[in-house]
Amino acid sequence: MIRPRSGHSVIGGPIEGEAYPHDGSGTPMNEQAFLPNLAAALLASIVGGTLARKLGLPVLVGYLVAGIVVGPHTPGWFADEEAVRMLANLGVALLVFAVGVQFSLRQLLEVRRVALVAGGVQIAATIVLGFFLGLAFGWGVYGGFFLGCALAHSSTAVMMRILEERGELGTGHGAAMLSVSIVQDLSLVVMVALLPSLAELAAKGPDILLEVALSVLRAVGAVGIALLLALRVVPGILNRMAATGSRELFILVVVAICLLAAYAAQLAGLSLAIGAFLAGMVISESDFAHEVFSQVRPLRDVFASLFFVSIGMLLNPAFVLSHGLEIGAVVATILVGKTLVSAVPIFLVGCHGRTALLAGLGLAQIGEFSYILAAVGIERNLIPAEMSSVILTASLITILLSPFLFGAGDRLYQRLNALPALSRRLNRPPHSEPPASERAEIRPRVIILGGGRVGRYASEALRAHNVPHVVVDYDAAAIDWMRARGVPVVYGDATSQVVLEQAHPETAELAMVALPEAAITEMVVRLLKRLAPSVTVVARVHRGVDIPRIRQAGADAVIHAEFEAGTEMIRQGLDRLDIPSPRLEEYLDRMRQRRYAEEIG
């Protein structure tokens, strides 16, 4: 493959004034090698992703490592960096367009306190951290501010992949992470417009203050117009196109909206990627957002893998060794400082300690939006190449570490929660809570651990039969729902002994564990059996493979939710085919016994 020339900038394009190398035929070498390098990069992503999956790692890690292996800075055969980067830029555009399509004004309004307050504080605090870090490295006031802006953004693509693979998109910490990321995404539009003007302000003085103000107004105006189109104009257009019954016309209109948004963003002084994000926002509030996303997602996933491969190709071991102090300091700031400035505001706005900690760890990386800022900075000569390389290297390292850091969140939380004084703070109520004397008088026959949908169904059945019970949960909505129906509630995480003791499991006859995560369910079952060995424990799991671990933890009965839903579908379906009920029940009983026996064995 074609080796990149030494005259390439850190972002990968040729230095201004230099042409691409030719092979003597008049064809630029990067064009000649485009298709072979595309195939090579895709092959590397397939191999890397497959190996990562076999090792039980997120495929994202495989993509990044594959990029390092085929990159120009490691020994052996490698792909051409320039050819892959051309596709990576398209990958970024598709990534941020998909993010825009998934953008939800309704979701933002529902979690506006977390999104606006916690997100705003996180962005401001991270900029301050980056500012002082830039000053320490000698990059100046502007360089520090630019670095802070780059570090303020987390990778929505990385977060979504981690949450999807762990089945935690619908959890409290998943919602907190995504709500903060929405504010981060919106702030990028302002940053891309503002940073070039601030560089001119630093060079020319206050004479261009009006130009700086106009840049900000253009960015705010672009977001405002996008929101107006999303709410008032585009849904009607898409409805009319869908009414024609022509899928081709519908897709053409979507593509036209994207191109117009990209062109408008360029006219406003923003980047193509920002235009793609705004286009996604415009479509997000229509009834066809899911259809558009389903059409874009396959292409997004393909080009996103190329984007992560290209980020891996940027890692230069020699640069890492020569700038280890700067890279290490930036990575530490992201992993430690950004975790804290993300988790603390989320906790202070009323979220539970575990939610805040996991959300903070999930936001502790930088990715595609930092890539966009670094690209803007180097293309417009706003920052030195050294800073751009540090940002992109830190992006690679933090993305690589992100799945492991987030995966360690529960273990870290358990250690913090084991300290009684800290546990009381982590599990402090978000609003008015019954006094301790009132809680101490709770003597339930049944304890429900988890107040979500399954917990609510169980509570309704117990109330219908006048069975005294108490619910343990830290979700504010679940607590309000239970209290509105007169159900006693213990606020807090059920994995905390301090919290669980308030429910008095030693006096209960039955404990029903209706928590969504298998690891948390296992910890709760073990704690229940330690505090009250005689209590009967019934737990639910999402996956059949989790049945043995929950039984070994001490559960007396384990319910596989998806399997039970399947058996009910069979019952309802075969009943409508006039299969005799005794025969049907006998079959379902055999199937249930065989299913649970297989998992145990």
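Quick caveat: nothing in here was measured; it's all calculated off a predicted structure. (Residues numbered from 1 in each chain as written. Predicted model: local features only at pLDDT ≥ 70, side-chain atom pairs only at ≥ 80, totals over all residues. Heavy atoms only, no water.)

K.L.:
Looking at this structure, how should I read helix α8 (residues 156-166)?
P.N.:
Since the α-helix turns once every 3.6 residues, residues separated by three or four places project in the same direction. In terms of residue burial, α8 counts as a mostly covered element, since 8 of its 11 residues are buried. For α8, the full list of buried residues reads T156, A157, V158, M159, M160, R161, I162 and L163. (Buried < 20%, exposed > 50% of the residue type's maximum accessible area, 1.4 Å probe, protein only. Helix = DSSP H or I, 4+ residues; strand = E, 2+ residues; numbered from the N terminus.)

K.L.:
So what exactly am I meant to see when it comes to the packing of aromatic side chains here?
P.N.:
To describe a pair of aromatic rings, one takes the distance between the centres and the angle between the planes. Here the structure, examined in full by the defined rule, presents 3 aromatic pairs. Ring centres 5.4 Å apart and planes at 80° place the aromatic pair F131 and F132 in the edge-to-face group. Overall, F132 belongs to the exposed group, its relative accessible area being 53%. An angle of 70° between the planes, with centres 5.1 Å apart, marks the rings of F137 and W139 as edge-to-face. Since its relative accessible area comes to 12%, W139 is described here as buried. (Phe/Tyr/Trp six-rings, centres within 6.5 Å; stacked < 30°, edge-to-face > 60°.)

K.L.:
Before we go on, may I ask you to explain the side chain of S181 in this structure?
P.N.:
Residue position: S181 is located in helix α9 (residues 172-204). According to the relative accessible area criterion, S181 is buried, its value standing at 2%. A distance of 2.7 Å separates a polar side-chain atom of S181 from the backbone oxygen of L178. When sequence neighbours within four positions are dropped, the list of residues in contact with S181 reads T156 and M159. (Polar contact = N/O pair within 3.5 Å; in protein donor to acceptor, adjacent residues only side chain to side chain. Contact = heavy atoms within 4.5 Å.)

K.L.:
Explain the nonpolar core here, please?
P.N.:
Side chains that are nonpolar tend, in soluble globular proteins, to be buried together. Of all hydrophobic cores here, the largest spans 119 residues; its most connected members are F97, L238, L278, F308, I346 and L373. Top element by residues in this core is α9. It accounts for 13 residues. Counting 33 residues, the second largest nonpolar core, distinct from the first, contains L449, V490, L500 and V513. (Core = buried A, V, L, I, M, F, W, Y, C linked by side-chain atoms within 4.5 Å.)

K.L.:
Is there a simple way to explain the confidence of the model for the protein in this structure?
P.N.:
Low pLDDT marks stretches whose predicted atomic positions should not be read closely. Across the protein, pLDDT averages 79, with 82% of residues at or above 70. Of the regions scoring below 50 in pLDDT, residues 1-27 engages in 56 contacts with residues more than four places distant in sequence or in other chains. Confidence drops under pLDDT 50 across residues 434-440; counting only partners more than four residues distant or on other chains, this segment forms 6 contacts. (pLDDT = per-residue confidence, 0-100.)

K.L.:
Could you clarify how one ought to interpret a nonpolar patch on the surface in this entry?
P.N.:
Side chains of V128, F132, L135 and V141 sit close together on the surface and give an oily, nonpolar patch of about 370 Å² of accessible area. Per element, the largest residue contribution to the nonpolar patch is 3 residues, and it comes from helix α6 (residues 112-136). Position of F132 relative to the elements: it lies in helix α6. (Patch = residues over 30% accessible without salt bridge, like charges linked within 9 Å, V, L, I, M, F, W, Y side chains within 5 Å. Areas by Shrake-Rupley, 256 points an atom, 1.4 Å probe, with all protein chains shown as cover. Salt bridge = Lys/Arg side-chain N within 4 Å of Asp/Glu carboxyl O.)

K.L.:
Got a minute to help me understand the pairing of strand β4 (residues 510-513) in this structure?
P.N.:
Two faces make up the sheet, and in a regular strand the side chains alternate between them. The two faces of β4 differ: A511 and V513 on one face are buried, but L510 and M512 on the other face are not. Summarising the sheet, strand β1 (residues 446-449) and β4 pair through 4 bridges and their orientation is parallel. In the strand pairing of β4, L449 is matched with V513. Of the pairings in the sheet, the one linking β4 to strand β5 (residues 536-541) comprises 4 bridges and is parallel in character. Directly across from A511, in β5, lies its bridge partner V537. With helix α25 (residues 518-531) bridging β4 and its parallel neighbour β5, the resulting β-α-β unit is right-handed. (Pairing = 2+ DSSP bridges. Right-handed = clockwise from strand over helix to strand, strands pointing away.)

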